[in-house]
Amino acid sequence: MAAEGGGKEMNEIKTQFTTREGLYKLLSHSEYSRPNRVPFNSQGSNPVRVSFVNVNDQSGNGDRLCFNVGRELYFYIYKGVRKAADLSKPIDKRIYKGTQPTCHDFNHLTATAESVSLLVGFSAGQVQLIDPIKKETSKLFNEERLIDKSRVTCVKWVPGSESLFLVAHSSGNMYLYNVEHTCGTTAPHYQLLKQGDSFAVHTCKSKSTRNPLLKWTVGEGALNEFAFSPDGKFLACVSQDGFLRVFNFDSVELHGTMKSYFGGLLCVCWSPDGKYIVTGGEDDLVTVWSFLDCRVIARGHGHKSWVSVVAFDPYTTSVEESDPMEFSGSDEDFQDLHFGRDRANSTQSRLSKRNSTDGRPVSVTYRFGSVGQDTQLCLWDLTEDILFPHQPLSRARTHTNVMNATSPPAGSGGANPGSNGNGAPGNSVPPPLPRSNSLPHSAVSNAGSKSSVMDGAVASGVSKFATLSLHDRKERHHEKDHKRNHSMGHISSKSSDKLNLVTKTKTDPAKTLGTPLCPRMEDVPLLEPLICKKIAHERLTVLIFLEDCIVTACQEGFICTWARPGKVGLLSSQTQANSPSGTVV
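Computed from a predicted model, the values in this text were never measured in an experiment.

**Q** Residue-level account of the overall build of the protein, with values.
**A** When helices and strands are counted, the protein shows 4 helices and 33 strands. Every one of the 585 residues in the protein was classed for burial, and the buried ones make up 59%. Considering only contacts in the protein between residues 6 or more positions apart, those separated by 24 or more positions represent 60%. Total accessible area on the protein stands at roughly 23400 Å², and carbon and sulfur atoms take up 48% of it.

In structure tokens form, the structure reads like this:
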């Protein structure tokens with residue numbers, strides 16, 4: 001890893017940094033990469049991505065790590081801050097010809113020490129389902145590229161499901177698949193299910209059930225990333241057209257939108273309680289958007305180039321009531337809290353208690369981070385003076401610069417009246433969405449049916465048409481997770497074969513600037529980063545917060561572990577002594 005000293009450029013690379021919690025330190029022996037540790041020549045390659053899963057291994061080494069570098073895909077036991085990485089023994093390694101892995105995701109619901117389900121998306125458009133423990137390749141989706149020929153930009157399992165997954169492409173389309181179904185030998189025929197402002201959803205017309213179950217066309221240009229809310233009910237998408245669009249995934253309704261200051265949006269994440277969404281992109285900014293109010297509440301400026309990843313840190317997010325207190329993330333602290341469904345990988349979903357009796361915390365601080373093409377890591381605190389500007393400002397807190405703490409005009413935020421979101425959003429930013437001609441208006445009121453879009457069909461409005469059935473998850477998971485049985489049917493519509501019914505109206509950036517979609521810089525608070533450190537020579541592509549460390553990765557193919565304050569002492573001095581040296585992050 002990075003050795004101290006040895007040249008001007010090497011001195012620029014930081015191996016530690018300090019925040020109010022204490023010292024974060026890079027663990028050189030815990031670096032994961034290709035076995036030869038040679039920096040990867042990243043010219044023209046897809047971004048390095050990292051996925052984690054915990055398999056509940058009784059030995060205590062339950063974390064597993066997957067990452068892609070160029071044409072290669074690696075699967076290791078991740079030892080984190082406990083032991084040095086042994087790169088000579090990957091559990092699985094794959095080298096692909098003619099295509100490159102672009103993204104991947106584990107199914108945390110089904111993972112065991114004997115078997116894991118890993119989805120891998122590729123640059124040519126295919127999606128592969130593999131088991132790197134059993135070293136099996138079970139299925140290949142979109143094999144003949146009949147569904148979509150463009151690069152896969154994001155792939156994720158649908159929360160709470162053992163069989164449903166969602167795939168986004170650089171074409172701007174998303175597809176819902178079921179691992180139980182085939183993709184067919186011919187190109188799919190679609191029929192319009194729902195249409196709204198710059199989006200349309202189609203079902204697949206087929207005599208027998210086949211993939212894809214749904215096709216979403218969202219915005220213009222590539223759909224760069226999507227993220228499910230912690231409860232799995234909402235879907236946030238960011239696109240190259242610069243828009244964040246948040247959908248109710250069950251009813252296929254648009255909940256709210258936001259526009260970047262300029263350029264495309266590249267990354268998106270949810271706060272652990274689902275109340276806030278953070279985006280990053282080509283405007284070099286991080287933008288905080290309130291899910292309940294459907295408006296921008298803050299921007300952060302610290303990066304000098306495009307922001308590639310944003311992520312919340314659930315372990316440093318804190319609440320202060322009568323006495324200042326921070327929660328570290330232990331099970332005892334969180335035993336009464338339920339933000340969404342309980343995941344196997346609980347490190348991603350636990351948050352300190354933040355709600356008081358009147359629904360507003362006395363003092364709350366959300367921590368999130370970002371990494372960018374400027375090779376810098378930034379950490380940010382989102383404090384109550386930003387979240388609740390009408391409240392008396394608390395004492396000065398950690399580098400939060402409020403340029404203008406007054407909130408936008410009363411009519412500046414809100415959700416769609418049709419959204420059945422978490423809470424009661426205020427005034428509406430986007431106008432009510434036009435409904436598709438192929439869906440009777442009366443059908444929309446069928447919300448009392450047991451088949452909501454993902455629970456039974458693709459929408460409360462489509463439940464009467466439903467005929468397709470999807471795989472249930474196992475009985476042992478039903479207590480925490482709402483069921484996702486998917487069904488969709490052959491909806492009769494004379495206009496069903498017109499696939500291009502959605503009109504992609506171009507939005508003039510000059511017309512959105514200064515509106516609730518995209519407030520001017522002086523109209524919202526501007527956050528300054530707690531820390532902003534150069535930690536790599538190549539652009540950063542990964543930022544993951546774990547309980548005892550932060551994981552970052554750069555395009556050279558090095559996956560780095562930063563021990564949280566007090567966690568570095570878990571390592572033995574001999575491990576430190578045996579760590580490799582001379583390789584820069």
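**Q** Which residues make up the sheet that holds strand β32 (residues 549–554), and what values do they have?
**A** One open sheet accounts for 5 strands, arranged β1-β2-β33-β32-β31; its pairing is antiparallel. Every other strand in the sheet has two partners, leaving β1 (16–19) and β31 (540–545) as the edge strands with one partner each. Mean inter-strand twist for the sheet, computed between neighbouring axes without regard to direction, equals 20°. Direction of pairing for β31 relative to β32: antiparallel, over a ladder of 5 bridges. From the neighbouring strand, Leu-540 faces β32, where its bridge partner is Cys-554.

**Q** Outline the pattern of salt bridges, listing residues and values.
**A** Pairs can form between side chains of opposite charge whenever their charged atoms are close. Per the stated rule, a full pass over the model turns up 11 salt bridges. Close ionic contact of Arg-37 with Glu-31 constitutes a salt bridge, the shortest N to O distance being 3.3 Å. Residue classification places Glu-31 among the buried residues on the basis of a relative accessible area of 0%. Note that Arg-245 and Asp-241 form a salt bridge whose closest N and O atoms lie 3.0 Å from each other.

**Q** An account of the UniProt feature "repeat: WD" (unreviewed entry) in the protein is needed here, citing residue identities and associated values.
**A** As annotated in UniProt, the feature "repeat: WD" (unreviewed entry) corresponds to residues 258–290 in the numbering used here. The annotated region residues 258–290 carries 0% helix and 61% strand content, and the separation between its end C-alpha atoms amounts to 10 Å.

**Q** Got a sec to walk through the pairing of strand β21 (residues 265–270)? Specific residues and values, please.
**A** In terms of burial, β21 is a largely internal element, 6 of the 6 residues being buried. Relative to strand β22 (residues 276–281), β21 runs antiparallel, the two being bridged by 5 bridges. Of the residues in β22, the one forming a bridge with Trp-270 is Ile-277. Connecting the antiparallel pair β21 and β22 is a turn made up of 5 residues, with Gly-274 showing a positive phi of about 75°.

**Q** Describe the sheet that holds strand β10 (residues 136–141), with residues and values.
**A** Taking strand neighbours across the sheet as the criterion, the 4 strands line up as β7-β8-β9-β10 in an open arrangement whose pairing is antiparallel. Two strands close off the open sheet at either side, each with one partner strand: β7 (101–106) and β10. On average, each strand axis in the sheet is inclined to that of its neighbour by 20°, with strand direction left out of account.

**Q** Could you give an account of the environment of Val-288, naming the residues involved and the relevant values?
**A** Among the secondary structure elements, Val-288 is positioned in strand β23 (residues 285–290). Residue class for Val-288 comes out buried when judged on its relative accessible area of 0%. Taking the C-alpha atoms as reference points, Val-288 and Tyr-276, separated by 12 residues in sequence, lie 6.7 Å from one another. The residues contacting Val-288, other than those within four sequence positions of it, are Tyr-276, Ile-277, Val-278, Arg-295, Val-296, Ile-297, Ala-298, Phe-368, Leu-382 and Leu-527.

**Q** Let's hear about the side chain of Arg-564: which residues, and what values?
**A** One can find Arg-564 in the loop between β33 (559–563) and α4 (573–577). Here the side chain of Arg-564 touches Asp-313 through a polar contact of 2.9 Å, side chain to side chain. Contacts of Arg-564, omitting those with residues within four sequence positions, involve Leu-23, Tyr-24, Asp-313, Tyr-315, Thr-316, Phe-545, Leu-546, Glu-547, Asp-548 and Cys-549.

**Q** Could you give an account of the state of the cysteines, naming the residues involved and the relevant values?
**A** Cysteine pairs can be linked by a disulfide, which is a covalent bond between their two sulfur atoms. Inspection of every chain in the model, using the stated rule, returns 0 disulfides. Just so you know, Cys-204 is unpaired, no disulfide at all, and the nearest cysteine sulfur is the one on Cys-183, 9.4 Å from it. For Cys-204, a relative accessible area of 13% puts it in the buried group.

**Q** How would you explain the side chain of Glu-72 if you had to name every residue and give the values?
**A** If you trace the backbone, Glu-72 turns up in strand β5 (residues 72–77). A distance of 2.4 Å separates a polar atom in the side chain of Glu-72 from a polar atom in the side chain of Tyr-74.

**Q** Can you lay out unusual backbone geometry for me, pointing to particular residues and giving the numbers?
**A** Leaving glycine out, the prevailing phi sign among residues is negative, and the prevailing peptide bond configuration is trans. Of the consecutive residues Asn-211 and Pro-212, the connecting peptide bond is found in the cis state with omega at -5°. On the secondary structure map, Pro-212 appears in the loop between β15 (199–205) and β16 (214–218). In this structure, Cys-294 is a non-glycine residue whose phi angle is positive, near 55°. Following the sequence through the fold, Cys-294 ends up in the loop between β23 and β24 (295–301).

**Q** Quick rundown of the packing of aromatic side chains? Include the residues and the values.
**A** Throughout the structure, instances matching the rule amount to 25 aromatic pairs. Centre to centre, the rings of Tyr-74 and Tyr-76 are 6.2 Å apart; their planes meet at 15°, and the pair counts as stacked. Look at Tyr-76 and you get buried, because its relative accessible area is 1%. With a centroid separation of 5.1 Å and an interplanar angle of 65°, the aromatic rings of Phe-141 and Phe-165 are classed as edge-to-face. Of the two residues, Phe-141 sits in strand β10 while Phe-165 sits in strand β12 (residues 164–169), which places them 24 residues apart along the sequence.

What counts, and at which threshold
Residues numbered from 1 in each chain as written. Predicted model: local features only at pLDDT ≥ 70, side-chain atom pairs only at ≥ 80, totals over all residues. Heavy atoms only, no water. Helix = DSSP H or I, 4+ residues; strand = E, 2+ residues; numbered from the N terminus. Buried < 20%, exposed > 50% of the residue type's maximum accessible area, 1.4 Å probe, protein only. Contact = heavy atoms within 4.5 Å. Areas by Shrake-Rupley, 256 points an atom, 1.4 Å probe, with all protein chains shown as cover. Pairing = 2+ DSSP bridges. Axes fitted to C-alpha atoms, helices over the stretch in contact; angles between N-to-C directions. Salt bridge = Lys/Arg side-chain N within 4 Å of Asp/Glu carboxyl O. UniProt positions renumbered as here; feature names shortened; annotations may be inferred. Polar contact = N/O pair within 3.5 Å; in protein donor to acceptor, adjacent residues only side chain to side chain. Disulfide = S-S within 2.5 Å. Phe/Tyr/Trp six-rings, centres within 6.5 Å; stacked < 30°, edge-to-face > 60°.

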